[in-house]
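Structure assessment
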Amino acid sequence: MNDSFDLAESSPNTQSYGAKISASSYWSELNKDQRKAVETVDGPVLVLAGAGTGKTRVLTTRLAHILDSGLAHPGETLTVTFTNKAAREMKDRVERLVRRPMEGWYLGTFHSIAARVLRKHAELVGLKSNFTILDTDDQLRLLKQGLEAHDIDEKRWPARSLGAIINRWKDRGLAPDQVTDTEGSDFANGRTLELYHDYQERLRSLNAADFGDLLMHNLTLFSNDKGVLREYQDRFRFILVDEYQDTNVSQYLWLRLLAQGHRNICCVGDDDQSIYAWRGAEVGNILRFEKDFPGAQVIRLERNYRSTSHILGAASDLIAHNRDRLGKTLWTESNEGEKVTVHGLWDGEAEARVIGEHIETERSDGQALNDIAVLVRAGHQTRPFEERFIQIGLPYRVIGVMRFYERLEIRDAIAYLRVISQEDDDLAFERIINRPKRGIGVTSLQKLHVVSRANGCSLMAAARDLTDSDELRGATRTGLANLISHFDRWRNLSAVQALPSLIQTILDDSGYLEMWRKDRSIQAPGRLENLNELIGALDEFETLDSFLEHISLVMDNAETEDGDMVNVMTLHGAKGLEFDSVYLPGWEEGLFPHQRALDEGGLHALEEERRLAYVGLTRARQRATVSYAANRNLFGKWSSELPSRFVSELPEEHVTRTSEINTTADLTEPDLDYQNIHRPDIGRRRSNWGRYAIRQRNRTYETIAVENHAPGTFQIGKRIFHQKFGYGKITDIDGNKLEVSFEKAGLKKVMGSYVEPA
DNA sequence: TGAGCGTAGTTTTTT
DNA sequence: ACTACGCTCA
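Per chain, residue numbering runs from 1 following the sequence as it is written. Here every chain gets a letter starting at A, and every ligand a number starting at 1, in the order they are written. Reporting of local features is limited, given that this is a predicted model, to residues whose pLDDT is at least 70; pairs of side-chain atoms are given and counted only at 80 or more, and all residues count toward the totals for whole chains, interfaces and linings. The side-chain figures draw on all heavy atoms in the structure; neither hydrogens nor water molecules are used.

1. Comments concerning the pattern of salt bridges
- Put simply, a salt bridge is a Lys or Arg side-chain nitrogen that is within 4 Å of an Asp or Glu carboxyl oxygen. Considering all chains together, one arrives at 49 salt bridges under this definition.
- Here R411 makes a salt bridge to D137, at a shortest N to O gap of 3.3 Å. Of this pair, R411 sits in helix α17 (residues 408–421) while D137 is found in helix α6 (residues 136–149), placing the two residues 274 residues apart along the sequence.
- Partly exposed describes any residue whose relative accessible area lies between the buried limit of under 20% and the exposed limit of over 50%, with all areas from a 1.4 Å probe on protein chains only and scaled to the type maximum. Under the relative-accessibility criterion, D137 is labelled partly exposed at 37%.
- Residue E243 pairs with K575 through a salt bridge whose shortest N-O separation is 3.6 Å. Here E243, found in the loop between β6 (238–241) and α11 (249–259), pairs with K575, found in the loop between α26 (571–574) and β13 (579–584); they are 332 residues apart in sequence, far enough to count as distant.
- For E243, a relative accessible area of 15% gives the class buried.
- Because the salt bridges share partners, they merge into one network encompassing D135, D137, D138, R141, R411, D412, R418, D425, R431 and R435. Helix numbering and strand numbering both begin at the N terminus, where a helix is a DSSP run of H or I of at least 4 residues and a strand a DSSP run of E of at least 2.

This is how it looks when you write it as C-alpha cells:
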C-alpha cells in the first residue's frame, strides 16, 4: 500500500505536466461516440455504455488521455471500480498506454480507496489507524454475540437477517443515529436499531470496521471535518467511475462529495446491466445523475462490437420488456450469424447431456473450449454439468467457487497473524484459541469472556489474567499459558523475521500443521497444500500489516486453471466477460426468474432477473443457446417446470426453437397423440404431471400416466390446497395452469396437478 | 469434549 | 440431496 500521497504524488512531474503529447496514436480507432466520451474532460459526463460497446476501452483511454495531455498528475485522479479484477485490468491497460510509472494514483475498488482514506483519518471516527477490516464471517460471529447478549432467540431471529438489515443501512450511508425508517421494525420485536447501535460500539471497541463501514465512515469523516473533505476535493481533479449502475447510495454520496471540488466526474454504466440491486445497488443513481450534476453531458455508446445481429436482436427485444430503463438502441454491423437456439428438454440430466453434445460438436469444429461458457442462475446448477462433463471427459472449470482466502485452513492461519498484528483482535483469537485442540472448550472460553467484559479488556488480556489465577486447571491452564507465551515469542519474531519463515514457525510451533498431518480425512492433504501456497504467497509482502490489508480487501479468486476448458459459472459471475459460444440452461419459471426474487422484490426484482437474462445473452459473440427442462430435481424433490417467461419473450425472428417435450401449456391441445407408457426410471421420480408427452424426432414415444383430477375439480372461486403455498382460491384457469390467490403466499401460478381441492 | 442425531434452510456476491 | 448447526448423551 503506497501511503505517501503527501510526498511523492504532489512532487511535480516535469515530464508530463503541461506537456502536450499527442494521444491520437492510441485512440484513432475509436468511433465518434467513444472519442467524444474520451475527449469531453470538462465537467460531469455520464457515459451510457451498452453491452459490448467498448466501455472499458473508453474508460482507460480517457484516463490515459487526461494523464498524457498533462491535465493532471496520476495522484490527482481518482478511478473507482467494484472488483479488484477490474481495477487490475484497468491499471494494466492504462500503464500500457501511458508508459510511465503511475505511483501514488488512486485507482482501485471503492473499498480499498475508502480504506486508504480512512486509515489516514481513523481517529476522526473513533478508530485507530491500524483498524482491522472484518469480513462477512467475522461480522456474522459478532452479530451472533450481539443477539446473545440481548437475549434474542437466534433461531427466530437469525444473525444473517440482522446482518442483511444492517448492511442495507450501511449501503445507504446510515449510521445508527441516522436511521429513521422502519426497515428493521419487524425484526427482533423492533430492537434492530438497538442491536445495530451495540454492534457499532463493539466494532469500535475491537478497533474494527466491516466492509460497509469503510464507505460509511468516510462519509462521517467528510461531514465531521470539512477540512479533510476539502483536501480530497481539491486533490481529485478528475474522477472516473466504472460500472456506475452498481453503486449504492453511500458510494454515490461519497462520489458526489468528492466531485464537488473540480466537478470533473465521468461515470460509465449501463442501466440494463444492473444486477446487484439485491445488495444495495441503486440504478436510480444513473437516473439522477443529470439532476445532481446540472449541465452534465450524457453520451450513449450504442454500437456493439461483440455479438452477431441475431444475438443482439434477441437480447434487445428481451430487455425491451423492461419498463424501468433509460432505453438504448444497440446496433451492429457484424453479420447475422446463427439464430439463438432454444431447446426444451426432459430434465436437468438431459439438459446437461445435450449441452455436452453440442460442446463436443463445437470442439470438433475447432472451437476453443476457453471461449465457451455455461452460465447458470444459481450456484447449485453447476452440478449436473460437472457430473456430465466428467463422465464424457470434457475439460471444464467452475469459476467463482471457494476462494483461496476463504478456506478454513487459510482463515485459521490468518487468524494467528491477526492476533500477532493486533493483540486486541478477539475474533481472530477466539477462532484459533482451541485450534488445534488445547483443552480450551466452551466453558473456558466463557470464563475468558466474563473476565474480558468485567475488565473491559481483550480476550488475550483476559487470558493472561486467568492463567495467573486459579480459575483454570490442568491441561486447560497449561494449554492457554503455552499459547500466550508462543504469541509473545512470535510477536518478537515478527519484528525480525521475514513473513514466510514467520508463518512457518507459527504453524509448526502451534501444532497447526501437525493437526492436519494427523488428520486422515480426504481434504487434509489439500489443506496442507494450501497452507504451503500461503507461505509462498507471503513472500511478496514486506510487512505483516500490508499482507493483512491485502487479504481483507483483495480476497481474489484463486487463479483459474490453465488449459483449454469450458467455463461454468453463474450469470452474475459472467458480467464483463465474453465468449464465442454461451449456453444458458435452466430458463424455467421459479428458477429463472428465481422464485425468491419474485416473492420478495415484485416487479423490480423481475426486471432485474430480466436484465440478468440480457447480460447472459450479450456475453455471446457467435452463438447463444437457451434451454429449459420440463422436470427438475431441486433440493431432493422433483418438480415439473414451466418454461421461463423470458423464453416466450425472445423474438421469433432471431430464434430457432426445438423441443423434445411438450410443455404443460401444450397438453390442452386436442390433436396431440398421447400414449400412456410408463417408463420406470421416470416413474420413480414421483412426477406429479397429469399427462406428459415427450416427442423426439417427430414421434411421441413417452407419456407418463399419473392420476389426474376429474374434470371440473377446479373452478374459479374454488378453495384449494397446495403443498408449498397452503390454502388459496382459484382466480383463473389456463389449461393445466391455475392462478391462485393464496392466503399466505399471495397470487401465484401453479400446476393443477400440484393442488388438491380443499 | 466429541460423536451422533435431528432440524431447517438452502439466489445471486464483492469488498 | 446436502449442509450446517445446535442439542443430547456417553
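After that view of the structure, there is still more to cover.
2. Examining the sheet that holds strand β7 (residues 265–269)
- Pairing between strands requires that DSSP locate at least two bridges from one strand to the other. Spatially, the 6 strands line up as an open sheet ordered β3-β2-β6-β7-β1-β8, and their pairing is parallel. The open sheet is flanked by β3 (106–109) and β8 (297–301), the only strands paired with a single partner. Direction aside, the axes of adjacent strands within the sheet are offset by 15° on average.
- Direction of pairing for strand β2 (residues 77–81) relative to β3: parallel, over a ladder of 4 bridges. Bridge pairing in β3 links V80 to G108. For helices, the fitted line uses only the C-alpha atoms of the stretch in contact; every axis is such a line through C-alpha atoms, and the angle between N-to-C directions lies from 0 to 180 degrees.

3. Looking at the packing of aromatic side chains
- Any Phe, Tyr or Trp ring, taking Trp's six-membered ring, that has another such ring centre within 6.5 Å forms a pair; planes under 30 degrees apart are called stacked, those over 60 apart edge-to-face, and the others tilted. Under the criterion given, the structure shown has 22 aromatic pairs.
- Ring geometry for F592 versus F646: centroids 5.4 Å apart, planes at 75°, classification edge-to-face. One end of the pair, F592, is in the loop between β13 and α27 (595–617); the other, F646, is in helix α28 (residues 645–649), with 54 residues separating them in the sequence. By the burial criterion, F592 is buried, and F646 matches it.
- Counting every residue linked through ring pairs, the aromatic cluster contains Y416, F429, F487, W490, Y512 and W516.
- Only Lys NZ and Arg CZ are tested; either one counts as a charge over a ring when it is within 6 Å of the ring centre and within 35 degrees of the ring normal. Over the ring of F131 we find R119, and its NZ or CZ is 4.1 Å from the ring centre.
- Note that R279 overlies the ring of W278, its terminal NZ or CZ placed 5.9 Å from the centroid.

4. Some details on unusual backbone geometry
- In this chain, R435 is followed by P436 through a cis amide linkage whose omega measures 0°.
- Inspection of the secondary structure assignment puts P436 in the loop between α18 (426–432) and α19 (442–455).
- Unusually for a residue other than glycine, E243 sits at a positive phi of about 50°.
- The backbone of R263 shows a phi angle near 60°, a positive value even though the residue is not glycine.

5. Side note on empty space enclosed by the protein
- Computed over the protein atoms alone on a 1 Å grid, cavities are sets of points where a 1.4 Å probe fits but cannot get out and pockets are open sets with protein on both sides within 12 Å along at least five of seven lines; a residue lines them when it has an atom within 4 Å of a point. Grid points are joined across faces, edges and corners, and a volume is the space filled by probe spheres set on the points. One pass over the full model with this rule turns up 1 cavity of 30 Å³ or more.
- The calculated volume of the largest cavity comes to roughly 30 Å³.
- Taken together, D272, S316, I319, R325, K328, L330 and Y614 make up the full set of residues lining the largest cavity.
- Polar here means any residue other than Ala, Val, Leu, Ile, Met, Phe, Trp, Tyr, Cys and Pro, which are nonpolar, and Asp, Glu, Lys and Arg, which are charged; Gly is therefore polar. Of the residues belonging to the lining of the largest cavity, the class tally is 3 nonpolar, 1 polar and 3 charged.

6. Some remarks on a negative patch on the surface
- Patches here: salt-bridge-free residues with over 30% relative accessible area, like charges joined within 9 Å, nonpolar side chains (Val, Leu, Ile, Met, Phe, Trp, Tyr) joined within 5 Å. Each accessible area is a Shrake-Rupley estimate made with a 1.4 Å probe; only the visible protein chains count as cover when residues are assessed. Charged residues are defined here as Lys and Arg on the positive side and Asp and Glu on the negative side; His and the ends of the chain fall outside this count. Each charge is placed at NZ for Lys, CZ for Arg, CG for Asp and CD for Glu. Among the surface-exposed residues, E89, D92, E95 and E103 lie close enough to one another that they form a single negatively charged patch.
- Here D92 is to be found in helix α4 (residues 84–98).

7. Concerning the protein's contact with DNA strand C
- By convention in these notes, a residue is near a molecule or strand provided one of its non-hydrogen atoms lies within 4 Å of it. The immediate surroundings of DNA strand C are formed by R383, F635 and G636.
- Counting only atoms of DNA strand C within 4 Å of the protein, the fraction found in sugar and phosphate groups is 27%.
- Any pair of nitrogen or oxygen atoms within 3.5 Å is treated as a polar contact; in protein, a donor-acceptor pairing is required on top of that, and neighbouring residues in sequence qualify only through side-chain atoms on both sides. R383 has a polar side-chain atom sitting 3.3 Å from a phosphate oxygen of DNA strand C.

8. A closer look at the protein's contact with DNA strand B
- Near DNA strand B there are 27 residues, and of these R377, G379, G441, T570 and R596 occur at the shortest range.
- Within 4 Å of the protein, the contacting atoms of DNA strand B are drawn from sugar and phosphate to the extent of 55%.
- Contact distances for DNA strand B include 3.1 Å between a phosphate oxygen and a backbone N or O atom of G439.
- Measuring from a sugar or linking oxygen of DNA strand B, one finds a side-chain N or O atom of H594 at 3.2 Å.

9. A look at the pairing of strand β14 (residues 620–634)
- A large share of β14 lies buried, amounting to 12 of its 15 residues.
- As defined by bridge partners, β13 adjoins β14 across 5 bridges and the pair is classed as parallel. By the bridge assignment, F579 is partnered in β14 with A620.
- Here 4 bridges tie β14 to strand β15 (residues 637–640), and the two strands are oriented antiparallel to one another. Note that in β15 the partner of L634 across the bridge is K637.
- Hairpin connection from β14 to β15: 2 residues lie between these consecutive antiparallel strands, with F635 at a positive phi of about 50°.

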